[in-house]
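The lines below spell out each chain.
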Amino acid sequence: MTAPLTPPPPPNHQPPHDAWQAPPAGYGSGHGEDGPGMRTELREAVVVTAAMALGGVLLGVLWWWLAPHVPLVSDSTTVYLKDTEGEQAIGVDGTFTLLALAFGLVSGVVVFLLRRRGGIALVVALTVGGILGSLLAWRLGIWLGPTRDVAAHAKEVGVGVTFDAPLELGAKGAVLAWSFSALLTHLGLTSLFTPKDPDPFESPCPPAPKI
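Residues numbered from 1 in each chain as written. Predicted model: local features only at pLDDT ≥ 70, side-chain atom pairs only at ≥ 80, totals over all residues. Heavy atoms only, no water.

Caption draft 1: Seen up close, the overall build of the chain. When its secondary structure is counted, the chain shows five helices and three strands. Order of helices (α) and strands (β) in the chain, N terminus to C terminus: α-β-β-α-α-α-β-α. Split into buried and exposed, the 211 residues of the chain put 30% on the buried side. Long-range pairs, those at least 24 residues apart, make up 82% of the contacts in the chain between residues at least 6 apart in sequence. Counting every atom, the chain has about 14000 Å² of accessible surface; 68% of that belongs to carbon and sulfur. (Helix = DSSP H or I, 4+ residues; strand = E, 2+ residues; numbered from the N terminus. Buried < 20%, exposed > 50% of the residue type's maximum accessible area, 1.4 Å probe, protein only. Contact = heavy atoms within 4.5 Å. Areas by Shrake-Rupley, 256 points an atom, 1.4 Å probe, with all protein chains shown as cover.)

Caption draft 2: The pattern of salt bridges, seen in detail. Under the counting rule described, the total for this entry stands at three salt bridges. A salt bridge links E41 to R115; its shortest N-O distance comes to 3.3 Å. Remark: R115 occurs in the loop between α2 (88-114) and α3 (120-144) and E41 occurs in helix α1 (residues 38-66); sequence separation between them is 74 residues. Residue R115 is classed as buried on the basis of its relative accessible area of 10%. Across the salt bridge formed by E44 and R115, the nearest N and O atoms sit 2.4 Å from each other. You can see E44 sitting in helix α1 and its partner R115 sitting in the loop between α2 and α3, a full 71 residues away along the chain. By relative accessible area, E44 is classed as partly exposed at 27%. Overlapping salt bridges, with partners in common, bring together E41, E44 and R115 in one network. (Salt bridge = Lys/Arg side-chain N within 4 Å of Asp/Glu carboxyl O.)

Caption draft 3: Broad picture of helix α5 (residues 177-193). Across its 17 residues, α5 extends 24 Å between first and last C-alpha, which sits within 8% of the 24 Å expected from 1.5 Å per residue. What α5 keeps buried is the set A177, W178, S179, S181, A182, T185, H186 and L189. Elements in contact with the buried residues of α5: α1, α2 and α3. (Expected span 1.5 Å × (residues − 1).)

Caption draft 4: Expanded view of the packing of α3 against α5. The interhelical angle for the contact between α3 and α5, taken along N-to-C directions, is 150 degrees, at an axis separation of 7 Å. The angle between α3 and α5 falls in the class roughly antiparallel. Seen from above, α3 lies across α5 with right-handed handedness. In contact with L122, V123, L126, T127, G130, I131, G133 and S134 of α3, α5 contributes W178, S179, A182, L183 and H186. Class assignment for the residues of the contact of α3 with α5 results in seven nonpolar, six polar and no charged. (Axes fitted to C-alpha atoms, helices over the stretch in contact; angles between N-to-C directions. Parallel < 35°, antiparallel > 145°, perpendicular 65-115°, else oblique. Left-handed = near helix turned anticlockwise from the far one by under 90°. Nonpolar A, V, L, I, M, F, W, Y, C, P; charged D, E, K, R; others polar.)

Caption draft 5: The arrangement of the environment of G108 in detail. Tracing the backbone through its elements, the reader meets G108 in helix α2. Residues contacting G108, with those up to four places away along its chain left out, are A182, T185, H186 and L189.

Caption draft 6: Here's a closer look at the nonpolar core. In this structure, V48, L59, W63, F96, W138 and L169 are the most contacted members of the largest nonpolar core, which totals 31 residues. At the level of elements, α1, α2, α3 and α5 are the ones that each hand at least two residues to this core. Examining the composition of this core, we find that seven residues originate from one element, α3, more than from any other. Apart from the residues within four sequence positions on either side, V48 is in contact with V111, L122, A125 and L126. (Core = buried A, V, L, I, M, F, W, Y, C linked by side-chain atoms within 4.5 Å.)

Caption draft 7: Just the pairing of strand β1 (residues 71-74), in detail. Of the two faces of β1, the one carrying P71 and V73 and the one carrying L72 and S74 are both buried. Note: β1 against strand β3 (residues 163-164), two bridges, orientation antiparallel. The residue bridging L72 from the neighbouring strand is F163, located in β3. (Pairing = 2+ DSSP bridges.)

Caption draft 8: Seen up close, the packing of α1 against α2. The interhelical angle for the contact between α1 and α2, taken along N-to-C directions, is 150 degrees, at an axis separation of 10 Å. When the interaxial angle is binned, α1 and α2 end up roughly antiparallel. When you trace α1 past α2, the crossing you get is right-handed. Residue-level inspection shows V48, M52, G55, L58, L59, L62, W63 and L66 of α1 in contact with α2, the latter providing V92, T95, F96, L99, A100, F103, S107 and V111. For the contact of α1 with α2, the residue count by class is 13 nonpolar, three polar and no charged.

Set out below in structure tokens:
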């Protein structure tokens, strides 16, 4: 009887790495059973949307308080701008936009700190909540500002007397600033501070030594 020609494998021999082996234990735990259910995510999204919408009250008050006044004057027949070269109208739009961007920054940070997992539901909540809050702020600022009946106001104050124009938002795209800022902030924080899931195709063991 002859001995086998193939030597037995060494004691520390490891089989070649299988590229299709199962992912390591715990992979995807951030999106699996340990994560919140769909009902919880929807409830959190509703809370975020409602909170941002109610925050529009504060934004509207601040806009009405901080926005520059546009002076008007009447000559008994016509109402016109007292300062035709003034930039108060641009300042009104700029004030709303800057405030909305600041509100979006705060919203994105708060939502990230309260729920670091993120998710599609929160993205939708930040978008819808920012738009609703901006619309509420816009209408509230107009309501708090000077009357929109310019002719009656001019008649009331008298000829040659300066009075404030109604609060208007000329740049309607400013209502998107809150949502844009919130989404950008939340996305940036999530990409920087949320741990990544392990690669399912990465071997948990070191490569086998060459023989």
